[in-house]
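Residue-level listing of the chains:
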Amino acid sequence: MSKILFVTGASAGIGAATARLGPEHGWDRVVVHYGRDRDGAEAVAAEVRETGAEAFVVGADVRDDDHIATMLLAVADLPPGPIGLVNNAGVVSPTGKLADCRPERVRQVFAVNVFGAIEVARQTVALMRKWGKGGGIVNVSSAAARLGSANQYIDYAASKGAIDTLTLGLADELAPEGIRVNAIRPGLIATDLHAKGGEPDRLERIGHTPPLGRPGSAEECAEAILWLLSDGASYVTRSILDVAGGR
Ligand code: NAD
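Residues numbered from 1 in each chain as written. Predicted model: local features only at pLDDT ≥ 70, side-chain atom pairs only at ≥ 80, totals over all residues. Heavy atoms only, no water.

### What about the overall build of the protein?
Regarding its fold elements, the protein presents 9 helices and 7 strands. Rg of the C-alpha trace for the protein: 17 Å, near the compact-globule value of 18 Å for 247 residues, within the 12% margin. Principal axes of the C-alpha set define a box for the protein whose edges measure 50 × 35 × 35 Å. Counting only residues that meet the buried cut, the protein has 51% of its 247 residues in that class. For the protein, long-range pairs separated by at least 24 residues make up 75% of all intrachain contacts whose partners lie at least 6 apart in sequence. Element-wise, carbon and sulfur atoms account for 53% of the exposed surface of the protein, whose accessible area totals about 11200 Å². Averaging the positions of the 25 positive and the 30 negative side-chain charges in the protein gives two centres separated by 5 Å. (Helix = DSSP H or I, 4+ residues; strand = E, 2+ residues; numbered from the N terminus. Rg over C-alpha atoms; globule rule 2.2 N^0.38 Å. Buried < 20%, exposed > 50% of the residue type's maximum accessible area, 1.4 Å probe, protein only. Contact = heavy atoms within 4.5 Å. Areas by Shrake-Rupley, 256 points an atom, 1.4 Å probe, with all protein chains shown as cover. Lys, Arg positive; Asp, Glu negative; His and termini not counted. Charge placed at Lys NZ, Arg CZ, Asp CG, Glu CD.)

Printed below as a string of structure tokens:
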């Protein structure tokens, strides 16, 4: 059956790699979501189409419920099929201790990483139920959730802790419907996220520190995500997989 891979934050980084590799893993329709970078999303969609799969570009600021609703209307216009949702859109906050975690900064991080992820999941699961074709979910957490990230972006770490707990709760609720819910916890991954968080030299500075001696790649995270969504993981739900080079 024709399957829909729906990846949020897919214009760059881990999301883009997941969308690009989707067709190799049997996803013949890929929904490429972007927040602001439409050109990036179009470029990813063009690469997906080169494989012979279909690609659809949708935009939404995941801090805005109405944007998410409009995006889901576009997805609902597609011919029904199982949906593999990758809840990947996220922001990191700049390094800082508790005193730096002012309410506005914390609200922004939670608005994207937690409220956005819950609302995208809520509306996507509603569509899965309406279509009755099943599906699965992978949430993108962070090693920071487990480490607590003392002395650096503790608000970001807390938001990813919420994603871990969300994964457990969703897995419990959706297991009776055959919808598996898992998460990955990436460690230090070579994407633009670090520069966006105000640390352009982060990878250079600490890239050697994971036990495997190097940062991971977006593709290595994508492979883990796509395995969790695959039939090969048919008995795996409520799992949170570290993709962190042993960290
Ligand atoms: P990235 O910056 O390339 O990707 C983040 C994506 O989220 C972008 O496409 C961005 O447009 C989107 N996004 C951000 N705010 C948005 C909003 N308000 N509305 C819609 N989309 C929005 O970085 P990445 O490293 O690929 O990050 C992907 C995920 O992986 C994030 O959830 C991040 O927290 C997580 N992660 C990354 C690392 C790492 O080291 N790179 C480590 C752990 C977890």
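### Description of empty space enclosed by the protein
Under the defined criterion, the tally for this structure stands at 1 cavity of 30 Å³ or more. Lining of the largest cavity is provided by T8, V62, N87, N88, A89, V112, G116, A117 and V120. Classifying every residue of the lining of the largest cavity gives 5 nonpolar, 4 polar and no charged. (1 Å grid on protein atoms, 1.4 Å probe; cavity = no way out; pocket = protein on both sides within 12 Å on 5 of 7 lines; lining within 4 Å. Points joined across faces, edges and corners; volume = space filled by probe spheres on them. Nonpolar A, V, L, I, M, F, W, Y, C, P; charged D, E, K, R; others polar.)

### Focus: the environment of D77
The topology assignment puts D77 in the loop between α3 (65-76) and β4 (83-87). In this structure D77 comes out as exposed when scored by relative accessible area, which is 67%. Considering only alpha carbons, one finds D77 and R202, 125 residues apart in sequence, at a separation of 42 Å.

### Some points on the pairing of strand β2 (residues 29-34)
Judged by how many residues are buried, β2 sits mostly within the fold: 6 of 6 residues are covered. Bridging between strand β1 (residues 4-7) and β2 involves 4 bridges; their strand directions are parallel. Its bridge partner being in β2, L5 is matched across the sheet by V30. At this point the chain moves from β1, through helix α1 (residues 13-21), to the parallel β2, and the crossover so formed is right-handed. Bridging between β2 and strand β3 (residues 54-59) involves 6 bridges; their strand directions are parallel. Paired with H33 across the strands is V58, a residue of β3. One crossover worth recording links β2 to the parallel β3 by way of helix α2 (residues 38-50), and it is right-handed. (Pairing = 2+ DSSP bridges. Right-handed = clockwise from strand over helix to strand, strands pointing away.)

### Quick look at the packing of α1 against α2
Relative orientation of the contacting elements α1 and α2 amounts to 20 degrees, with a least axis distance of 8 Å. It follows from the interaxial angle that α1 and α2 lie roughly parallel. In the packing of α1 onto α2, the handedness of the crossing is right-handed. Contact with α1, carried on its side by A16, A19 and R20, involves V44, E47 and V48 of α2 and no other residues of that element. Counted by class, the contact of α1 with α2 contains 4 nonpolar, no polar and 2 charged residues. (Axes fitted to C-alpha atoms, helices over the stretch in contact; angles between N-to-C directions. Parallel < 35°, antiparallel > 145°, perpendicular 65-115°, else oblique. Left-handed = near helix turned anticlockwise from the far one by under 90°.)

### Remarks on α3
For α3, built from 12 residues, the straight-helix expectation of 16 Å at 1.5 Å per residue is met to within 8% by its first-to-last C-alpha distance of 16 Å. By the burial criterion, the buried members of α3 are I68, M71, L72 and V75. The arc that holds the buried residues of α3, viewed along the axis, is 100 degrees, so those residues lie on one side. The exposed residues of α3 that point more than 90 degrees off its buried face are D66, T70 and L73. The inward-facing, buried residues of α3 abut β1, β2, β3 and α4 (103-131). (Expected span 1.5 Å × (residues − 1). Arc of directions from axis to C-beta.)

### Considerations on the site of the ligand
Neighbouring the ligand are 29 residues, the closest being I14, N88, Y156, T191 and K196. S11 places a side-chain nitrogen or oxygen 3.4 Å from an oxygen atom of the ligand. Between a nitrogen atom of the ligand and a main-chain N or O atom of V62, the distance comes to 3.0 Å. Considering the ligand on its own, with 820 Å² of exposed area, one finds that the protein chains cover 93% of that surface. Under a 2 Å grid-point criterion requiring more than half of the atoms, the pocket assigned to the ligand is the largest pocket. Secondary structure elements with two or more residues in the shell around the ligand: α1, α6 (154-174) and α7 (193-196). By residue number, the principal contributor to the shell around the ligand is α7, which donates 3 residues. Partitioning the shell around the ligand into residue classes produces 13 nonpolar, 12 polar and 4 charged. (Near = heavy atom within 4 Å. Polar contact = N/O pair within 3.5 Å; in protein donor to acceptor, adjacent residues only side chain to side chain. Sits in = over half its atoms within 2 Å of the grid points.)

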